[in-house]
Amino acid sequence: TQGQPITCKAAVAWEANTPLVIEDVRVAPPQAGEVRVKILFTALCHTDAYTWSGKDPEGLFPCILGHEAAGIVESVGEGVTEVQPGDHVIPCYQAECRECKFCKSGKTNLCGKVRAATGVGVMMNDRKTRFSIKGKPIYHFMGTSTFSQYTVVHDVSVAKIDPAAPLEKLYNELQEDSFVAFEVAVCDPSSVEVCCYTHLLSLGLGAVWNTAKVEAGSIVAIFGLGTIGLAVAEGAKAAGASRIIGIDIDRKKFDRAKDFGVTEFVNPKEHDEPIQQRLIDLTDGGVDYSFECIGNVSVMRAALECCHKGWGTSVIVGVAASGQEISTRPFQLVTGRVWKGTAFGGFKSRSQVPLLVDKYMKKEIKIDEYITHKLTLGEMNEAFDLLHEGSCLRCVLDM
Ligand code: NAD
Ligand code: AHE
């Protein structure tokens, strides 16, 4: 198939808010600097649902969504040297070219090389898509488009799992029962989300370790105990936080959160006072670190304002809809609180996702525990329904 188009199945979002349709999609061969990947497993994330809902200012239709996956390189374009057919990889929505001013700065994991193209659903080379149906172009999404049996990504956006790592094991585990490989890759950070992880884990753990840099003994507040909030809790526990306070309006989330390290729970609905005041009272002046894992701008404000005067740091993890803005009294910042955000948990994707996979293999981080449902590509719309059910953390689709 190298150098030839491949026709395969993909879940296509023809327009916002209408069910995805499984279509036969033509996937063009990779051009220079591109990699065609056979996707083995993909997971769904609320960011896919967010774009599908039409609220993402970068959302374009028709497109192929999906950004948490693990797969095998099928073929590579000219000039691609770091991966070859047969390599196990995790496509990462955050690229790492190691050449642009972002990558060279040493100050950020953001990369500037392909972001302009991935934001408008095309490939850098010719500003066109590699997907089409009966000649009609179908947009890429986040530079990954993993809801397809084959996808084309930029070479700077694939994390190769170290050959010394038990890739076969990851693959087998994925096939048999765990979906670990996915999440590592993203979460999602390395290869667990090897499907889900690239995103989920990288994000949650990295928000704590890289962005906030939580120290042992810290008091941490986590707003939103969905998948991302649980990954943050896991990171905070590993960092040695003394108290991890989970805040959620759904009491059912509390029991499961204990397994991920949450030590106390607060339900804002059960208190008349503003949630930030409740937390200040509970912690003798405020928390050391807070994380907003919902995407609600009012909660983002509360998360900042519950931080301790002089040093408290709040990290925005949730993605808010187009048009939403955050606000607070500048005095909150003047008096020492710090407001930050995190993308991909601050991890450098190609360099660090493989390290996260290694951690998973050494059982230093959870992955399996996040995989609550497993379906197939044909059940994509059911998987989206599950995402909105409280019981589903990650649903992994066997392609
Ligand atoms: P989720 O829907 O599973 O979890 C959200 C939780 O927040 C739920 O338990 C819900 O009950 C709770 N909640 C809702 N409103 C609340 C409120 N007002 N107060 C307290 N709790 C409330 O979502 P998730 O998969 O965990 O994702 C969380 C967010 O992180 C999403 O916005 C997602 O798009 C974003 N995200 C960001 C990145 C990044 O790189 N920054 C990566 C992945 C996901
Ligand atoms: N197109 C969206 C961007 C939303 C956003 O913030 N995305 C996160 C990743 S969410 C993964 O589930 C991110 O890392 N963004 C950095 C980037 O470069 O996109 C919008 O709202 O405009």
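In what follows, the structure referred to is the one given above.
This report concerns the structure included in the present document. (Residues numbered from 1 in each chain as written. Chains lettered and ligands numbered in written order. Predicted model: local features only at pLDDT ≥ 70, side-chain atom pairs only at ≥ 80, totals over all residues.)

Below, the discussion takes up the overall build of the chain. Along the chain, the regular secondary structure elements total 13 helices and 18 strands. For the chain, the C-alpha radius of gyration of 20 Å lies close to 21 Å, the compact-globule estimate for 399 residues. Referenced to the eigenvectors of the C-alpha coordinate spread, the extents of the chain come out at roughly 65 × 45 × 40 Å. (Helix = DSSP H or I, 4+ residues; strand = E, 2+ residues; numbered from the N terminus. Rg over C-alpha atoms; globule rule 2.2 N^0.38 Å.)

Let us now look at the sheet that holds strand S6 (residues 131-133). Strands pair in a sheet through their backbones, by hydrogen bonds, and they do so in one of two ways: parallel or antiparallel. Spatial strand order, S1-S2-S6-S7: 4 strands in an open sheet with antiparallel pairing. In this open sheet, the two strands that pair with only one neighbour each are strand S1 (6-12) and strand S7 (136-138). Pairwise comparison of adjacent strand axes, ignoring direction, gives a mean angle of 45° for this sheet. By the bridge criterion, 3 bridges tie S6 to S7 in an arrangement that is antiparallel. Each bridged residue has a counterpart across the sheet, and for Phe 131 the counterpart in S7 is Ile 138. (Pairing = 2+ DSSP bridges. Axes fitted to C-alpha atoms, helices over the stretch in contact; angles between N-to-C directions.)

Moving on, we get to the site of ligand 2. Around ligand 2, a shell composed of 10 residues is seen, among which Cys 45, Thr 47, Glu 58, Val 319 and Ala 343 lie nearest. Of the residues contributing to the shell around ligand 2, the split by class is 5 nonpolar, 2 polar and 3 charged. (Near = placed C-beta within 6 Å. Nonpolar A, V, L, I, M, F, W, Y, C, P; charged D, E, K, R; others polar.)

Grouped together as the largest cluster of nonpolar side chains are 111 residues, with contacts concentrated most on Ile 64, Val 220, Ala 221, Ile 222 and Val 232. It is helix H6 (residues 200-212) that contributes the most residues to this core, 7 residues altogether. (Core = buried A, V, L, I, M, F, W, Y, C linked by C-beta atoms within 7 Å. Buried ≥ 20, exposed ≤ 12 C-beta atoms within 10 Å, placed from the backbone.)

In space, the 6 strands of this open sheet follow the order S13-S12-S11-S14-S15-S16, with parallel pairing throughout. Among the strands making up the open sheet, the edge pair consists of strand S13 (264-266) and strand S16 (338-341). Averaged over all neighbouring strand pairs, the angle between strand axes comes to 20°, with direction disregarded. Across the sheet, helix H9 (residues 275-282) lies against strand S11 (219-223), strand S12 (243-247) and S13, angled at about 150° from S13, the strand it touches most. (Contact = placed C-beta atoms within 7 Å.)

Along the polypeptide, Leu 356 turns up in helix H12 (residues 349-361). On the basis of neighbour counts, which here come to 34 C-beta atoms within 10 Å, the residue Leu 356 falls in the buried class. It is 22 Å that separates the C-alpha atoms of Leu 356 and Ala 257, two residues lying 99 residues apart in sequence.

Quick look at the packing of H6 against helix H7 (residues 227-238) now. Viewed as axis vectors pointing N to C, H6 and H7 meet at an angle of 45°, and their least axial separation amounts to 7 Å. Considering their axes alone, H6 and H7 lie oblique with respect to each other. Crossing of H6 against H7: the hand is right-handed. Of H7, the residues touching H6 (which contributes Leu 200, Leu 201, Leu 203, Gly 204, Leu 205, Ala 207, Val 208 and Trp 209) are Thr 227, Ile 228, Ala 231, Val 232, Glu 234, Gly 235 and Ala 236. (Parallel < 35°, antiparallel > 145°, perpendicular 65-115°, else oblique. Left-handed = near helix turned anticlockwise from the far one by under 90°.)

Of all the 9 residues making up strand S4 (residues 68-76), 8 are buried; the element is thus mostly covered by neighbouring parts of the structure. Pairing geometry for strand S3 (residues 34-43) and S4, over 8 bridges, is antiparallel. Opposite Val 35, over in S4, you have Val 76 as the bridge partner. Of the strand pairs in this sheet, S4 and strand S5 (residues 88-91) are connected by 2 bridges, and their pairing is antiparallel. Pairing of Gly 71 across the sheet is with Val 89, part of S5.

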